[in-house]
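In case you want the letters, here they are:
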Amino acid sequence: MQAEFPDFRLGSVLATSFTGTLSERHGTPVERIPAPRRLVDWLAVNGLAVKSCGTAQLDLARELRESIHAAATAAATGDALPASAVQVINDRSTQGRAAAVLTPGGKRRWQLGPGSRVEDALGVIAADAISVISGERDGRLALCASPTCRAAFFDTSQSRTRKWCDMNTCGNRQKKARFNAGRRKSPGSAE
């Protein structure tokens, strides 16, 4: 029987969703792509299906993930982008082979060819990171307000004041902690 893996955190922005494959970076880290097969699964869920993945390709993917996280964190805080992270992102972007296609609904979608490799999918993720970090897209990079998470996310809300990378995880956890703290302090609570 195959071991259970943590659920994927899926968002609307490919690059920051990819960085979410490692969560709770400042707490007890949760690795969501611990094995090559799991990376294949994540890519398929995100429309970048590839047939196989080896350990070396998983290492490339993790290096890209951490580079995107480092660059997005720097951009969110107004710091200089780390040169090594920029180099990895650029390398992955230029080494991938994918085509942008127009959907009938007028949206851009990336399409991999029939013999696509993990490197091709990583090229798409890197290209998405470039468009987000460079400011080409409407929104802002921010860091999750959870002290154990601090994930970079792309805020496209109308007010651009979103606080959590994911309301269903980090946001709910923080609201629950505040609620429980309030209950412990209230004079009528039984403790």
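Throughout what follows, the structure given in this document is the object of discussion.

So, how was this worked out
- Residue positions are given per chain, counting from 1 as you read along its sequence in written order.
- In keeping with the model being predicted, local features are shown solely for residues with a pLDDT of at least 70 and side-chain atom pairs are shown and tallied solely at 80 or more, while totals for entire chains, interfaces and linings include all residues.
- No hydrogens and no water enter the side-chain calculation; it runs on all heavy atoms of the structure.
- Being paired, for any two strands, means DSSP has found at least two bridges between them.
- Helix numbering and strand numbering both begin at the N terminus, where a helix is a DSSP run of H or I of at least 4 residues and a strand a DSSP run of E of at least 2.
- With a 1.4 Å probe rolled over the protein chains alone, any residue whose accessible area is under 20% of its type maximum counts as buried; one over 50% counts as exposed, and the rest are partly exposed.
- Counting of polar contacts relies on pairs of N or O atoms within 3.5 Å, with two restrictions inside protein: one atom must be capable of donating a hydrogen and the other of accepting it, and residues adjacent in sequence are counted only when both atoms are side-chain atoms.
- Residue contacts are defined here by distance: any two heavy atoms, one from each residue, within 4.5 Å place the two residues in contact.
- Only one rule defines a salt bridge in this text: a Lys or Arg side-chain nitrogen within 4 Å of an Asp or Glu carboxyl oxygen.

Pairing of strand 3 (residues 99-102) with strand 4 (residues 108-111), which is carried by four bridges, proceeds in the antiparallel orientation. Within strand 4, the residue paired with alanine 100 across the bridge is tryptophan 110. Counting the residues that bridge the hairpin from strand 3 to strand 4 gives five residues, and of these glycine 106 lies at a positive phi of roughly 85 degrees.

The subject of this paragraph is the side chain of arginine 92. Turning to its location among the elements, arginine 92 is positioned in helix 4 (residues 83-95). The buried category is assigned to arginine 92, whose relative accessible area is 11%. A polar side-chain atom of arginine 92 sits 3.2 Å from a polar atom in the side chain of glutamine 95. Arginine 92 has contacts with Leu60, Glu63, Leu64, Leu122, Gly123 and Ala126, leaving out every residue within four places of it along the chain.

The subject of this paragraph is the pattern of salt bridges. Close approach of charged atoms allows side chains with opposite charge to pair. In total, this model carries 13 salt bridges according to the counting rule given. Of the charged contacts in the structure, one is a salt bridge between glutamate 31 and arginine 65, with a shortest N-O distance of 2.8 Å. Placement of glutamate 31 in strand 2 (residues 30-31) and of arginine 65 in helix 3 (residues 55-77) is noted, with a sequence separation of 34 residues between them. Overall, arginine 65 belongs to the buried group, its relative accessible area being 3%.

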